[in-house]
Amino acid sequence: MEMKTKTKSYIMPTYGERDLVFSRGQGCYLYTQSGKKYLDFAGGIAVNSLGHCHPKLVTILKQQSEKLWHTSNLYKNKNQELFAKELCNKTFAQKVFFTNSGAEAIECGLKVIKSYWNLKNKNKKNIITFHGAFHGRTFAALSAQKNKKYSDGFTPLLSGFKNIPFNDKKALENSINKETAAILIEPIQGEGGIRPASLEFLRYVKKLCKKNDILLFLDEVQCGFGRSGKLYSHEWAKIKPDILATAKGIGSGFPLGACLANSKSSIGMTKGKHGSTYGGNPLAVAVGRQVLRIISDKKFLKKVDIISRYLWKKLKKLESIHDEIIEVRGAGLLLGIKTKQNNIMISNRLKKNKLLTVPAGDNIIRLAPPLIINKKHADEAINIIDQTLKKLK
Ligand SMILES: *Cc1c(COP(=O)(O)O)cnc(C)c1O
């Protein structure tokens with residue numbers, strides 16, 4: 001029997017109480033010390049894109065750890081240069097700044113915007129963001145979202161952000177003026193409740209950006225890096241951003257993020273304008289390049305697309321037979337189940353039944369499994385959800 005004892009914690013209690021401890025992970029499963037096995041559809045909050053301890057990532061990290069860990073960005077890092085080139089070759093971007101997290105990639109993108117308009121037009125100082133958005137926990141990121149859950153008690157926040165309804169063309173049109181510098185949007189909102197922007201809305205955003213000389217900044221920290229079945233989810237709308245924040249899945253668990261930008265928007269990011277001690281460090285770059293190599297493969301992305309459609313179909317079936325499910329939504333392998341009863345309660349029941357999920361806003365149970373799941377994993381998850389919901393009443 002595993003004893004649960006309440007011991008004094010020296011960690012700031014920002015995450016509340018946690019009792020589940022994992023000691024090992026392999027593929028799509030996590031294991032406790034006593035060998036209890038959990039199917040991981042939380043994926044470390046959409047991070048473990050290649051599952052746990054992917055053999056190729058283990059090998060590359062071991063190899064790099066025996067050669068070089070860290071030099072700082074005072075010295076040229078050839079692999080970092082190569083990684084940036086590889087990212088640019090596969091995306092809209094021509095310039096990259098490496099970070100250690102999503103919020104830092106957002107911060108960098110905001111500085112790209114500020115520095116651009118500082119050179120081009122000082123009147124452009126407002127950034128449009130959307131209801132339900134989540135961009136991270138730093139001050140600029142908190143300022144960009146209007147969600148009291150995250151920003152309560154941290155005022156004053158930064159000015160210059162205008163928060164408007166999501167997926168609402170009229171509201172967007174009405175909020176644009178001569179001071180609009182940029183639009184910052186998640187193509188699929190994650191924390192806010194797995195709400196995809198319609199492809200039509202994304203195209204409209206792009207159109208207005210072009211027409212009104214506005215920079216388009218996409219936050220693909222959660223929905224990017226293969227999760228949608230394309231390397232970046234905006235590719236579904238056939239649009240190109242000026243700036244993009246990427247993190248989470250890019251390192252499959254190794255802390256890594258990046259701000260991608262086109263050459264136009266990044267003209268202000270000259271010598272001395274930004275920095276990061278660790279950003280793009282040799283360990284992170286070694287892992288990131290390997291993750292990119294695997295995930296950007298067309299065959300891999302096709303597989304993600306196929307399995308995500310399979311999972312979607314099965315979830316829709318559950319929706320039709322379970323009164324408890326109000327709606328299934330999302331895209332690719334970023335899916336949400338909106339339930340009648342409390343999402344956290346149900347997520348805890350699923351956990352008891354050995355399926356890990358993550359609650360999100362709007363009473364959503366979020367599924368963000370590793371991109372390597374197969375039908376067997378999908379069926380196993382569906383079965384646990386089905387059984388759990390049956391026993392809820
Ligand atoms: C997680 C997340 C962030 C913040 O990333 P961190 O690595 O936690 O700083 C920003 N934007 C989106 C859309 C996210 O999901």
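Please read these numbers as outputs of a predicted model, since none were measured by experiment.

K.L.:
Quick question: what am I supposed to make of the overall build of the protein here?
P.N.:
In terms of helices and strands, the protein carries 12 helices and 17 strands. Computed over its C-alpha atoms, the radius of gyration of the protein comes to 21 Å, within 12% of the 21 Å expected for a compact globule of 393 residues. With respect to the principal axes defined by its C-alpha atoms, the protein has extents near 65 × 55 × 50 Å. In the protein, which comprises 393 residues, the proportion classed as buried is 53%. Taking the contacts inside the protein whose residues are at least 6 apart along the sequence as the reference set, 72% of them involve residues at least 24 apart. In the protein, which carries 67 positive and 31 negative side-chain charges, the distance between the mean positions of the two groups comes to 4 Å.

K.L.:
Would you take a moment to explain the sheet that holds strand β11 (residues 243-246) for this structure?
P.N.:
Taken in spatial order, the 7 strands line up as β4-β12-β11-β10-β7-β5-β6 in an open sheet, and their pairing is mixed. Every other strand in the sheet has two partners, leaving β4 (95-99) and β6 (161-164) as the edge strands with one partner each. On average, adjacent strands in this sheet sit at an angle of 20 degrees to one another, irrespective of strand direction. Sheet topology places β11 next to strand β12 (residues 257-261); 4 bridges connect them, and they run antiparallel. Looking at β12, one finds that Thr246 is bridged to Ala258. Contacts between helix α3 (residues 78-89) and the sheet are confined to β4 and β12, with β4 contributing the most and set at about 120 degrees to the helix. Along the sheet, helix α4 (residues 102-120) makes contact with β4, β5 (126-130), β6, β7 (180-185), β10 (215-219), β11 and β12, crossing β10 at roughly 175 degrees.

K.L.:
Sorry, what's going on with the environment of Gly336 here?
P.N.:
Considering the arrangement of structural elements, one finds Gly336 in strand β14 (residues 334-339). Considering only alpha carbons, one finds Gly336 and Ile365, 29 residues apart in sequence, at a separation of 5.4 Å. Once residues within four sequence positions are removed from consideration, Gly336 is found in contact with Ile194, Glu327, Val328, Arg329, Ile364 and Ile365.

K.L.:
Explain helix α12 (residues 375-390) to me, please; I cannot follow it from the model alone.
P.N.:
Every α-helix winds through 3.6 residues per turn, so residues three or four apart in the chain are directed the same way. Across its 16 residues, α12 extends 22 Å between first and last C-alpha, which sits within 8% of the 22 Å expected from 1.5 Å per residue. For α12, the N-terminal cap is Asn374; the gap from its side-chain oxygen to the backbone nitrogen of Lys376 is 3.0 Å.

K.L.:
What exactly am I supposed to notice about the site of the ligand here?
P.N.:
Around the ligand, the neighbouring residues are Ser101, Gly102, Ala103, Phe134, His135, Gly136, Glu186, Asp219, Val221, Gln222 and Lys248. In this structure, an oxygen atom belonging to the ligand sits 2.6 Å away from a side-chain N or O atom of Lys248. Considered on its own, the ligand offers 380 Å² of accessible surface; in the complex 81% of this is hidden by protein. Its residues assigned to classes, the shell around the ligand comprises 3 nonpolar, 5 polar and 3 charged.

K.L.:
Got a minute to help me understand the sheet that holds strand β17 (residues 364-367) in this structure?
P.N.:
By way of backbone hydrogen bonds, the strands of a sheet pair with one another, either parallel or antiparallel. The antiparallel open sheet is built from 4 strands, whose spatial order is β13-β14-β17-β16. Of all strands in the sheet, those with a lone pairing partner are β13 (325-331) and β16 (358-360), marking the two edges. The mean angle between the axes of side-by-side strands here comes to 30 degrees, regardless of whether they run parallel or antiparallel. Across 4 bridges, the pairing between β14 and β17 is antiparallel. Counterpart to Ile337 in the pairing with β17 is Ile365. Contacts from helix α10 (residues 298-321) reach β13, β14 and β17, with the element oriented near 165 degrees to β13. Across the face of the sheet, helix α11 (residues 343-352) comes into contact with β14, β16 and β17 while running at roughly 170 degrees to β16.

K.L.:
Quick question: what am I supposed to make of the pairing of β13 here?
P.N.:
Along any regular strand, the residues point their side chains to alternate faces of the sheet. As paired elements, β13 and β14 share 6 bridges and run antiparallel to each other. Within the sheet, the bridge partner assigned to Val328 lies in β14 and is Ile337. Hairpin geometry of β13 and β14 is characterised by an intervening segment of 2 residues between the two adjacent antiparallel strands and by a positive phi of about 55 degrees at Gly332.

What counts, and where the lines are drawn
Residues numbered from 1 in each chain as written. Predicted model: local features only at pLDDT ≥ 70, side-chain atom pairs only at ≥ 80, totals over all residues. Heavy atoms only, no water. Helix = DSSP H or I, 4+ residues; strand = E, 2+ residues; numbered from the N terminus. Rg over C-alpha atoms; globule rule 2.2 N^0.38 Å. Buried < 20%, exposed > 50% of the residue type's maximum accessible area, 1.4 Å probe, protein only. Contact = heavy atoms within 4.5 Å. Lys, Arg positive; Asp, Glu negative; His and termini not counted. Charge placed at Lys NZ, Arg CZ, Asp CG, Glu CD. Pairing = 2+ DSSP bridges. Axes fitted to C-alpha atoms, helices over the stretch in contact; angles between N-to-C directions. Expected span 1.5 Å × (residues − 1). Polar contact = N/O pair within 3.5 Å; in protein donor to acceptor, adjacent residues only side chain to side chain. Near = heavy atom within 4 Å. Areas by Shrake-Rupley, 256 points an atom, 1.4 Å probe, with all protein chains shown as cover. Nonpolar A, V, L, I, M, F, W, Y, C, P; charged D, E, K, R; others polar.

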